[in-house]
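So you can see what is in the structure, the chains are spelled out below.
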Amino acid sequence: ELKVEQNPLFLSMQEGKNYTIYCNYSTTSDRLYWYRQDPGKSLESLFVLLSNGAVKQEGRLMASLDTKARLSTLHITAAVHDLSATYFCAVDPSSGYALNFGKGTSLLVTP
Amino acid sequence: GAVVSQHPSRVICKSGTSVKIECRSLDFQATTMFWYRQFPKQSLMLMATSNEGSKATYEQGVEKDKFLINHASLTLSTLTVTSAHPEDSSFYICSAPFRLNTEAFFGQGTRLTVV
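Parameters and conventions
- Residues numbered from 1 in each chain as written.
- Chains lettered and ligands numbered in written order.
- Predicted model: local features only at pLDDT ≥ 70, side-chain atom pairs only at ≥ 80, totals over all residues.
- Heavy atoms only, no water.
- Helix = DSSP H or I, 4+ residues; strand = E, 2+ residues; numbered from the N terminus.
- Rg over C-alpha atoms; globule rule 2.2 N^0.38 Å.
- Buried < 20%, exposed > 50% of the residue type's maximum accessible area, 1.4 Å probe, protein only.
- Contact = heavy atoms within 4.5 Å.
- Pairing = 2+ DSSP bridges.
- Axes fitted to C-alpha atoms, helices over the stretch in contact; angles between N-to-C directions.
- Phe/Tyr/Trp six-rings, centres within 6.5 Å; stacked < 30°, edge-to-face > 60°.
- Salt bridge = Lys/Arg side-chain N within 4 Å of Asp/Glu carboxyl O.
- Disulfide = S-S within 2.5 Å.
- Buried area = accessible area lost by both parts, 1.4 Å probe.
- Polar contact = N/O pair within 3.5 Å; in protein donor to acceptor, adjacent residues only side chain to side chain.
- Nonpolar A, V, L, I, M, F, W, Y, C, P; charged D, E, K, R; others polar.

Of regular secondary structure, chain B possesses zero helices and eleven strands. A globule of 115 residues ought to have a C-alpha radius of gyration of about 13 Å, and chain B, at 13 Å, matches this closely. Along the first, second and third principal axes, the C-alpha set of chain B runs to 40 × 25 × 20 Å. Scored against the burial criterion, the 115 residues of chain B give a buried share of 50%. Of the contacts made within chain B by residues no fewer than 6 positions apart, 53% connect residues no fewer than 24 positions apart.

What follows covers the sheet that holds strand E7 (residues 67-73) of chain B. Residue and element names in this part refer to chain B. Judged by pairing direction, the sheet is antiparallel, and its four strands sit side by side in the order E1-E3-E8-E7 without closing on themselves. Every interior strand has two partners, whereas the edge strands, strand E1 (4-7) and E7, have only one. Across the sheet, the mean angle from the axis of one strand to that of its neighbour is 15 degrees, orientation sign disregarded. Sheet topology places E7 next to strand E8 (residues 76-81); five bridges connect them, and they run antiparallel. Bridge pairing links Asn70 to Thr78 in E8.

A few words on the packing of aromatic side chains. Residues and elements named next belong to chain B. If you walk through the whole model with that rule in mind, you get ten aromatic pairs over all chains. A centroid spacing of 5.7 Å and a plane angle of 45 degrees characterise the contact between Tyr36 and Phe106, whose relative ring orientation is tilted. Here Phe106 lies in strand E10 (residues 104-106) and Tyr36 lies in strand E4 (residues 32-38), a separation of 70 residues in the sequence. Taking the relative accessible area as the measure of exposure, Tyr36 reaches 0% and is therefore buried.

On to the pattern of salt bridges. Tallied over the entire structure, the rule returns four salt bridges over all chains. Where Asp38 of chain A meets Arg36 of chain A, a salt bridge forms, and the shortest distance between an N and an O atom there is 3.0 Å. For Asp88 of chain B, the salt bridge goes to Lys66 of chain B, with nearest N and O atoms at 2.8 Å. Of this pair, Asp88 of chain B sits in the loop between E8 and strand E9 (90-97) while Lys66 of chain B sits in the loop between strand E6 (57-58) and E7; the two residues are 22 residues apart in sequence, bridging distant segments of the chain. As far as burial versus exposure is concerned, Asp88 of chain B and Lys66 of chain B are alike and both buried.

Here the focus is the state of the cysteines. All names here are of chain A. Using the criterion set out here, one finds two disulfides over all chains in the structure. There is a disulfide in this structure between Cys23 and Cys89, and the S-S distance comes to 2.1 Å. Looking along the S-S bond of the Cys23-Cys89 disulfide, the torsion reads about 80 degrees, which is the right-handed sense. One end of the pair, Cys23, is in strand E3 (residues 19-25); the other, Cys89, is in strand E9 (residues 85-91), and 66 residues separate them in sequence.

Residues and elements named next belong to chain A. Considering the arrangement of structural elements, one finds Ala79 in the loop between strand E8 (71-76) and E9. Residue classification places Ala79 among the buried residues on the basis of a relative accessible area of 1%. Considered as a pair, Ala79 and Thr110 are 31 residues apart in the sequence and their alpha carbons are 9.0 Å apart. Setting aside anything within four residues of it in sequence, one finds Ala79 in contact with Met13, Gln14, Glu15, Gly16, Lys17 and Val109.

All names here are of chain A. The strand order across the open sheet built from five strands is E1-E3-E8-E7-E6, with neighbouring strands paired in antiparallel fashion. Unpaired on one side and paired on the other, strand E1 (4-7) and strand E6 (55-58) mark the two borders of the sheet. Strand after strand, the sheet turns through a mean of 15 degrees between neighbouring axes, direction not considered. Sheet analysis places E1 next to E3, joined by four bridges and oriented antiparallel. The residue bridging Val4 from the neighbouring strand is Tyr25, located in E3.

Tallying the contact residues gives 20 residues for chain B and 19 residues for chain A. Of the roughly 1,500 Å² buried at the junction of chain B and chain A (both faces included), carbon and sulfur atoms supply 57%. Considering only the side of chain B, the residues that lose the most area to chain A are Thr102, Glu103 and Phe106 of chain B, jointly responsible for 34% of the buried surface there. Here chain B is connected to chain A by zero salt bridges. Our count for the chain B to chain A interface comes out at five residue pairs in polar contact (both at pLDDT 80 or more). Mapped by element, the contributors of at least two residues to the side of chain B that touches chain A are E4, strand E5 (44-51), E9 and E10 of chain B. The residue makeup of the side of chain B that touches chain A, split by class, is nine nonpolar, eight polar and three charged.

Here it is in structure tokens:
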């Protein structure tokens, strides 16, 4: 059974600080996704990581993938309040678009 | 870009009644769609894979007689929650892969409340 573990599950950070969210998964996969979810809303796609060593950046967020370590990271740089949301990583173990999600990281950015 | 539309966005129903949720791919065809369920403050769990023209594939622990899935066309999958109970109250989200892309696109989600 594929396990996707995210940590931390809860994160409160001050504006302007940096932090990293980690996503470990238990089986081989070439596809890893990061999503943002605001309360009451569906998922917003942030990053699609398809190969070992992939690094993608958008604004204050940067995601990376190490398939050998089965680890992805989502790094937040100089956090702002607008980044407050829940962030999910998800793995597609069979490249068939059915996703296994981590438990999510609830991020709160405070002044 | 590819769009997946889900309807309704919110529904309240009485215990014992059935509710149908629609998932449409608006500008592409999807032979496969996925249905997820998300309880409050929890993650998304895959419920079933909807296959156009054939039976859906359900994940372990999901009652296929309770969650009826129909994928009658290349752009529409429906999830019917039969004999709904309060414990079925949840956020249901569908997704559809756009084959030229490397990810599936998610619908807006449906908040089901059973009273």
